[in-house]
Amino acid sequence: MVCHVCLEPNTNYEQIENFTRYRCGTYQLRIINPPRITNESCRYIVSGHIRENQSPHKPFELTQAIIDRLETMPKPTFEHNVIRLMRYIEFKTTYYGEPIEIDTRNFSSTPELIAICYAHTINEVDFLRRYLYLEKLISEEKGGFYALTFKGFKYLESLKNNINSDLCFCAMCFDEDCKGIFDDLLEPAVRNAGWNIQRVDQTHYHEGVMDQIITLIRESKFVIADLTKNKKGVYFEAGFAKGFGKEIIFTCKEEDMKELHFDVRHYNFLVWSDKDLEKGKKELKARITATIGYGPHKKIDGPLKMAINQ
Ligand SMILES: [Zn+2]
C-alpha cells in the first residue's frame, strides 16, 4: 500500500487495528472520494501536520478542509524544524546522554523523522542533524546515534519559557458538536494572525494528557480559552496559563455568556455568534494582533513565501 500523503510504499510499518501507520503517522480518510492534495509541493506539510497532531489513541482524520488550509500555509521555518528534531531526541531520551538513533544514511528504522521535521527528503533531515552537531546542540555517540548536549537541553529549556515560541494553545470544550469552534473559528483566526496552533485531543482521556497540556501551555506564547459550554477543564487550563504569566484571550459563544463563572466575567471576552463565524474570525484575528502582535508565520506575498519577522 502506498501512503496517500507522501506517496511512499508502506514498507516495514505495522497495521494498528484497521489503520496503517505510515511515516506520516496513523491517519484515516474517506475511502470513497478521498481528500485530494492538489499542490504537490505541500505533501510534506500535510505529512508533518499529521505527525504533529495525531493522538496516541485515535488516528488523525485527514479531511479536505485540513488539506485546503495547509495548502495556503506558509512554509515551516528552518528554526522550527531544527527545534522539532531536538524535541524528537528529547522525547526519546530516558537518561542524559542516551544515544538516540538519527541515522540519515540508513533511515529505515526511523522513517518518521522526515515527517517529524517537516522535511521533503532524508537529506533535509541530515542537513538539520549536521546543523545541530556543528552548533554543539547534539553530540555524536556512535555511528548514527546522537545525544542532546548541555547546550541542547538549555536551548530547549529556554523555549519552555516561551522566548521563541510561535505557538498558541487552545483550551476549549471537546464535545463533538464543538469541533467547528476549533476548525472554523479559532484555528483560522490564529493562523491568519501568523501563529501556530495546538490543542490537545481530550476525547480519549488518558494518563499523561495533563502533563502534555501543562507542557504545551508552558511552551506557548499565548493561550485562547473558549468558555462556550462553561467547561471546568477550560477554567483549569486558563488558571494554569495565568500562573505561568501567559497572555490569555477569552472567547465565548454569545448564548453561553450568561453561564460564565463570576471570577472571569470581568475579562474582556471576545463574544462570537455561530450565525456569523466569519465576523468572529476577523475579530479574533484583530484581537490577537492587537494584544500579542503578528506571529512569525504571517503571510506576506503568496502562500509559500517565507514570513519576515517584524
Ligand atoms: Zn506518508
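The structure this text deals with has already been given above.
Worth saying up front: this structure is predicted, and the values here are computed from it rather than measured. (Residues numbered from 1 in each chain as written. Predicted model: local features only at pLDDT ≥ 70, side-chain atom pairs only at ≥ 80, totals over all residues. Heavy atoms only, no water.)

**Section: the nonpolar core**
Note the threshold: Nine residue types can take part in a nonpolar core, namely buried Ala, Val, Leu, Ile, Met, Phe, Trp, Tyr and Cys, and a core is a set of them joined through side-chain atoms within 4.5 Å. Only protein chains enter the accessibility calculation, which uses a 1.4 Å probe. A residue is then buried if its area is under 20% of the maximum for its type, exposed if over 50%, and partly exposed in between. Each helix corresponds to a stretch of at least 4 residues labelled H or I by DSSP, and each strand to a stretch of at least 2 residues labelled E; elements are numbered beginning at the N terminus. Contacts were defined at the residue level, with two residues in contact if any of their heavy atoms lie within 4.5 Å.
Grouped together as the largest cluster of nonpolar side chains are 24 residues, with contacts concentrated most on Leu-85, Met-86, Ile-89, Cys-117, Val-125, Leu-132 and Leu-148. Secondary-structure elements contributing two or more residues to this core are helix H3 (78-92), helix H4 (112-116), helix H5 (122-134), strand S7 (145-148) and helix H6 (150-160). Broken down by element, this core gets its largest block of residues, six residues, from H3. Here Val-125 is in contact with Leu-85, Thr-104, Leu-113, Ile-114, Cys-117 and Ala-119, once residues within four sequence places are set aside.

**Considering the coordination of the zinc ion**
Applicable threshold: For Na, K and Ca the donor cutoff is 3.2 Å, while for all other metals N, O and S atoms must lie within 2.8 Å; water is not among the atoms, so some sites may look incomplete.
Within the protein, Cys-3 (SG), Cys-6 (SG) and Cys-24 (SG) serve as the donor atoms for the zinc ion, at 2.1 to 2.3 Å. Read in sequence order, the donor residues for the zinc ion give the motif C-x2-C-x17-C. You can see Cys-3 sitting in the segment before strand S1 (15-16) and its partner Cys-24 sitting in the loop between strand S2 (19-22) and strand S3 (25-28), a full 21 residues away along the chain. Exposure remark for Cys-24: the relative accessible area of 0% places this residue in the buried category.

**What about the sheet that holds strand S9 (residues 196-198)?**
Applicable threshold: By definition, two strands form a pair when at least two bridges between them are found by DSSP. The angle between two axes is taken between their N-to-C directions and runs from 0 to 180 degrees, where each axis is a line fitted to C-alpha atoms and a helix contributes only its stretch in contact.
Pairing is parallel in the open sheet, where five strands are placed in the order S9-S8-S10-S11-S12. Both outer strands of the open sheet, S9 and strand S12 (270-272), are each paired with one neighbouring strand and no more. Taking each pair of neighbouring strands and ignoring which way they run, the sheet shows an average axis angle of 25°. Of the pairings in the sheet, the one linking strand S8 (residues 167-171) to S9 comprises three bridges and is parallel in character. The residue of S9 that forms the bridge with Cys-168 is Ile-197. Each of S8, S9, strand S10 (222-226), strand S11 (247-253) and S12 touches helix H7 (residues 179-192); the most contacted strand, S9, lies at about 145° to it. Sitting on the sheet, helix H10 (residues 277-291) is in contact with S10, S11 and S12, with an inclination near 165° to S12.

From the geometry alone we can't say anything about function, so treat these as descriptive.
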